[in-house]
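# Tertiary structure, described
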Amino acid sequence: MPAAAVCAGTKTQRQSETANMSESYRAFHQRSIESPEAFWSEQAAMIDWQTAPTRIMDADTPPFVRWFVGGKTNLCHNAIDRHLADRADQPALIHVSTETGTERTFTFRQLHEEVQRTAACLLELGVTKGDRVLIYMPMIPEAAFAMLACARIGAIHCVVFGGFASGALASRIDDATPKVIVSSDAGSRGGKVTAYKPLLDEAIRLSTHKPDAVLLADRGLAPMALVPGRDHLAADMAARVKSTEVACTWLDATDVSYTIYTSGTTGRPKGVQRDVGGYAVALAASMRHIFDGRAGDTYFSTSDIGWVVGHSYIIYGPLLAGMATLMYEGLPTQGMDGQPDGAIWWRLVEKYKVTVMFSAPTAVRVLKKQDPALLKKHDLSSLRALFLAGEPLDEPTARWISDGLGVPIIDNYWQTESGWPIITLANGVEHMATKFGSPGVPMYGYKVKVVHEATGEELTAPGEKGVVVIEGPTPPGFMQTVWNDDARFVNTYWKSIPGRMAYSTFDWGIRDADGYFYILGRTDDVINVAGHRLGTREIEECISGHAQVAEVAVVGVADALKGQVAMAFAVPKDAGALTDAGRARSLEGEVMKRVNDELGAVARPSRVMFVAALPKTRSGKLLRRAIQAVCERRDPGDLSTMDDPASLESIRRQLDL
Ligand code: AMP
């Protein structure tokens, strides 16, 4: 497809919209797979290009794919500047914090000003194109300004979830080697203030790499000790910088926009790396085909900017579509006055006329404990759909919220790596029936298959369980590679299935006769706690660092509220902890504190139990799956390769089973 076919004209957009609506989703998907260049060239018309691409897809070196080669664009331009002509005075960013009782709206014009101000500060601190800026912030507008400012000047942002503590932060600092870190005095959750600055200072002390500068937003929640020459208060710096007009730097579509860390099966976090042009096109297309997000409307994602959903659907997706995005700090059950209010989200939907909402099953399960009348308390007539993602959506939860809200509940299956949904329903193309328990069908651009884990053979019979894989070339928006580690990208993701070069999602799944997929959980040691993805290895490494712990296994155990919780089984060096309940309790407390301090509360196991030995195979491999089965009162399966069957018994005893 010649590059000339890519243009920013609205005529092209409307034509493709009409074409899309008139075809079935099946045909739409098929076209995306059979003619990816023609398909994505059309989608590329949804964003502005400074220079049109000369080649839509370069998949010459699989599994790497370069999208929109030769094209120049900018995510910040497309998210903000592009809308100034038509909607400068319309809301762009609505920030609501039930933690501080504050509510602020920034129009596109104001957001433009704020982002330029932050960009000017970053430039003043010496940040240039390709430099990394690590963002460790709570859900405050300044976090959004920082991300967009990076995108504006071509710096690579690396947002680290604010719930992580110093150890986790330090390993990410060492991997990203940021020139500047942007942070804040504190975050707050459920009224409990967590001072970020001491955590950050400790992380910088622990890390080998040291940033040149730290830029700090002061919310007035916790005192901050500034390190002279390194730390700068954002407000002072913004007042000092001379020019606050910062033009967008036009970037190659294939340049890096950001990295985001995710858990894998080793303790070392993986920096998922994303491009500029492919990501912009993928998100713009998803806003139309999947989310039905319309310019001028309001999008409310309850996620956090520390997670991929926050990147894609708090910041970039809605803004690219010309929508206002509602950024929320607080619990789902807390009012503006800090008092309990189980209807706070619905109050916001009414107030800001939210049309599209995005949350996680775990949040709905929290709401489910409240009086269902709260769902009827506010006028929700603006709401068109609620999207849920991040973990399996169980049927009772889906039915409860569906009955309560009376809008379609759409399950979304995706990963940090994909950047946008892999399996869901594209209601902007064709309304397809939802099936409880299934996120839906593969999205356009994705060749999703179920394969046998040992032979790699494709399983085509309905209901056959296998590993869910994606065949290349992966679509725009998908990860480019692992930051600084192409080999890890290829070896981890693309070589795990024997006899087949395919991207493994590391999820088990089945497909039914209608082509709907059902996701059945991870094939690896990654667990999902309240929608947060955690590597059990990272938690194990932290716990085994405790002087009194000889060995530890961490497993994810099914939990009615959080989906899964982490449980740790440790072999203590002091055998007294096995027989003396008081010693065991105190050691458990110490281990919990260690995880809390190093990795953050998000990674803290629900229990740490002490056993004399851990179940292992004769070759010495930890049998985490057998432990998990016992914890979930399931049959642990074939234990013929197990070295010491008594070890599983002692776990049963600990659990009082
Ligand atoms: P993350 O990278 O944190 O988004 O986690 C991705 C993982 O979460 C996937 O590999 C799945 O195991 C799980 N996941 C995400 N969305 C869904 C969903 N809709 N249904 C079932 N599992 C999901």
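Residues numbered from 1 in each chain as written. Predicted model: local features only at pLDDT ≥ 70, side-chain atom pairs only at ≥ 80, totals over all residues. Heavy atoms only, no water.

Note the threshold: UniProt positions are given in the numbering used here, feature names are shortened, and annotations may be inferred rather than shown by experiment.
If you look the protein chain up in an unreviewed UniProt entry, it shows as Propionate--CoA ligase from Variovorax dokdonensis. What UniProt records for the protein chain under Sequence similarities (unreviewed entry) is the sentence "Belongs to the ATP-dependent AMP-binding enzyme family."

### Re the site of the ligand
Heads up, the rule is: A molecule or strand has a residue near it when one of that residue's heavy atoms lies within 4 Å. Polar contacts here mean pairs of N or O atoms no more than 3.5 Å apart (in protein, one a potential hydrogen donor and the other a potential acceptor; neighbouring residues in sequence count only if both atoms are side-chain atoms). Areas reported as accessible are Shrake-Rupley estimates using a 1.4 Å probe. Residue values count occlusion only from the protein chains shown. The numbering of helices and of strands both runs from the N terminus, where a helix is a DSSP run of H or I of at least 4 residues and a strand a run of E of at least 2. Residues are sorted three ways: Asp, Glu, Lys and Arg are charged, Ala, Val, Leu, Ile, Met, Phe, Trp, Tyr, Cys and Pro are nonpolar, and all the rest, Gly among them, are polar.
Around the ligand, 14 residues are found, and the nearest of them are Asp411, Asn412, Thr416, Asp507 and Arg533. Taking Gly390, its main chain carries an N or O atom lying 3.2 Å from a nitrogen atom of the ligand. Between the ligand and Asn412, the relevant distance is 2.6 Å, taken from a nitrogen atom to a main-chain nitrogen or oxygen of the residue. Protein contacts shield 93% of the accessible area of the ligand, which totals 490 Å² for the unbound molecule. Of all elements in the fold, only strand S20 (409-412) and strand S27 (517-522) reach the threshold of two or more residues within the shell around the ligand. Split into classes, the residues belonging to the shell around the ligand amount to four nonpolar, five polar and five charged.

### A word on the pattern of salt bridges
Basically, it comes down to this: A carboxyl oxygen of Asp or Glu within 4 Å of a side-chain nitrogen of Lys or Arg is what we treat as a salt bridge. Each residue gets one of three labels from its accessible area relative to the maximum for its type: buried under 20%, exposed over 50%, partly exposed in between, using a 1.4 Å probe on protein chains only.
Scanning all chains against the criterion turns up 41 salt bridges. In this structure, the salt-bridge partner of Asp292 is Arg384, at a minimum N-O distance of 3.5 Å. Of the two residues, Asp292 sits in the loop between helix H11 (277-289) and strand S16 (298-301) while Arg384 sits in the loop between helix H14 (361-367) and strand S19 (385-389), which places them 92 residues apart along the sequence. A residue is classified by how much of its surface remains accessible, and Asp292, at 26% relative accessible area, is partly exposed. Among the salt bridges present, the one from Asp341 reaches Arg347, with a minimum N-O distance of 2.9 Å. The exposure class of Asp341 is buried, given its relative accessible area of 11%. Relative accessible area serves as the criterion here: at 34%, Arg347 is assigned to the partly exposed category.

### A word on the pairing of strand S5 (residues 102-107)
What counts is decided by this rule: Only strands joined by at least two bridges in the DSSP assignment are considered to pair.
One ladder, built from six bridges, connects strand S4 (residues 91-97) with S5; its direction is antiparallel. Looking across to S5, one finds that Ile94 is bridged to Thr105.

### Topic: the UniProt feature "domain: Acetyl-coenzyme A synthetase N-terminal" (unreviewed entry) in the protein chain
As annotated in UniProt, the feature "domain: Acetyl-coenzyme A synthetase N-terminal" (unreviewed entry) corresponds to residues 25-79 in the numbering used here. Structurally, residues 25-79 is divided into 42% helix and 18% strand, and its ends, taken at the C-alpha atoms, are 28 Å apart.

### Details of the nonpolar core
Put simply, the test is: Side-chain atoms within 4.5 Å are what join buried Ala, Val, Leu, Ile, Met, Phe, Trp, Tyr and Cys residues into a set we call a nonpolar core.
Within the largest apolar cluster, 119 residues are counted, with the highest numbers of intra-cluster contacts made by Trp40, Leu122, Leu148, Tyr316, Trp420 and Tyr444. Per-element tally for this core: the top contributor is helix H7 (residues 141-153), with 10 residues. Counting residues in hydrophobic clusters, the runner-up holds 42 residues, among them Tyr136, Val214, Val549 and Ala568.

### Digging into the sheet that holds strand S31 (residues 563-572)
Sheet strands associate in pairs through backbone hydrogen bonding, adopting either a parallel or an antiparallel arrangement. The criterion, for reference: Axis angles are defined between N-to-C directions and span 0 to 180 degrees, where every axis is a line fitted to C-alpha atoms and, for a helix, only to the segment in contact. Contacts are assigned to residue pairs with any non-hydrogen atoms lying within 4.5 Å of each other.
The strand order across the open sheet built from three strands is S30-S31-S32, with neighbouring strands paired in mixed fashion. Each edge of the open sheet carries a strand with a single partner, namely strand S30 (549-559) and strand S32 (607-610). Averaged over all neighbouring strand pairs, the angle between strand axes comes to 25 degrees, with direction disregarded. Note that S31 and S32 share four bridges and pair parallel. In the strand pairing of S32, Met567 is matched with Arg607. Along the sheet face, helix H17 (residues 536-544) touches S30 and S31 and points at about 145 degrees away from the line of S30.

### Some remarks on the environment of Val526
Locating Val526 in the fold gives a position in strand S28 (residues 526-529). When the C-alpha positions of Val526 and Asp48 are compared, they lie 38 Å apart, and in sequence the two are 478 residues distant. Apart from residues no more than four positions distant in its own chain, Val526 is found in contact with Ser263, Gly264, Arg533 and Leu534.

### Regarding the sheet that holds strand S23 (residues 447-451)
Strand order in this open sheet of four strands is S23-S24-S26-S27, and the pairing throughout is antiparallel. Two strands lie at the open edges of the sheet, namely S23 and S27, each paired on one side alone. Averaged over all pairs of adjacent strands, the angle between their axes in this sheet comes to 45 degrees, without regard to strand direction. Pairing between strand S26 (residues 503-511) and S27: four bridges, direction antiparallel. Paired with Arg511 across the bridge in S27 is Phe517.

### Some details on the side chain of Thr536
When you line up the elements, Thr536 lands in helix H17. Of note is the side chain of Thr536, whose polar atom sits 2.9 Å from the backbone oxygen of Asp525. With residues up to four places along the chain from it excluded, the contact list for Thr536 reads Asp525, Ile527, Val554, Val555 and Arg624.

### Considerations on unusual backbone geometry
Here the amide bond leading from Pro62 into Pro63 is cis, since omega sits at 5 degrees, within 30 degrees of zero. With respect to the element layout, Pro63 can be found in the loop between strand S1 (55-58) and strand S2 (66-69). Here the bond from Gly472 into Pro473 is cis, since omega is -5 degrees, no more than 30 degrees from zero. With respect to the helices, strands and loops of the structure, Pro473 is situated in the loop between strand S24 (466-471) and strand S25 (481-482). Unusually for a residue other than glycine, Thr177 sits at a positive phi of about 40 degrees. If you trace the backbone, Thr177 turns up in the loop between helix H8 (166-176) and strand S8 (180-184). A relative accessible area of 28% places Thr177 in the partly exposed class. The phi torsion at Lys353 lies on the positive side, around 50 degrees, for a residue other than glycine. Note on placement: Lys353 falls in the loop between helix H13 (344-352) and strand S18 (354-359). Overall, the relative accessible area of 58% leaves Lys353 in the exposed class.

### Description of the packing of aromatic side chains
This is how the line gets drawn: Only centres within 6.5 Å qualify two rings of Phe, Tyr or Trp (six-membered ring in Trp) as a pair; their planes then separate them into stacked at under 30 degrees, edge-to-face at over 60, and tilted for everything else. Charge over a ring is defined by NZ of Lys or CZ of Arg lying within 6 Å of the ring centre and within 35 degrees of the ring normal.
In the structure shown here, the tally under the stated rule is 38 aromatic pairs. A centroid spacing of 5.9 Å and a plane angle of 20 degrees characterise the contact between Tyr313 and Phe358, whose relative ring orientation is stacked. You can see Tyr313 sitting in helix H12 (residues 308-320) and its partner Phe358 sitting in strand S18, a full 45 residues away along the chain. You can call Phe358 buried: its relative accessible area is 1%. Here Arg172 stacks its cationic end above the ring of Phe164, 4.6 Å away from the centre of that ring. Above the face of the Tyr516 ring, Lys435 is positioned so that its terminal group lies 4.6 Å from the ring centre.

### Description of H13
Ile344, Trp345, Trp346, Leu348, Val349 and Tyr352 are the residues of H13 that are buried. Positive phi appears at Lys353, one or two residues downstream of H13, with a value of about 50 degrees.

### So, the side chain of Arg230
Tracing the chain through its elements places Arg230 in the loop between strand S11 (213-217) and strand S12 (231-233). Setting aside residues no more than four positions away along its own chain, Arg230 makes contact with Lys197, Asp201, Ile204, Pro211, Asp212, Ala213 and Val214.

### Some words on the UniProt feature "domain: AMP-binding enzyme C-terminal" (unreviewed entry) in the protein chain
UniProt records the feature "domain: AMP-binding enzyme C-terminal" (unreviewed entry) for residues 538-621 in the present numbering. Span residues 538-621 is 35% helix and 30% strand, its end C-alpha atoms 17 Å apart.

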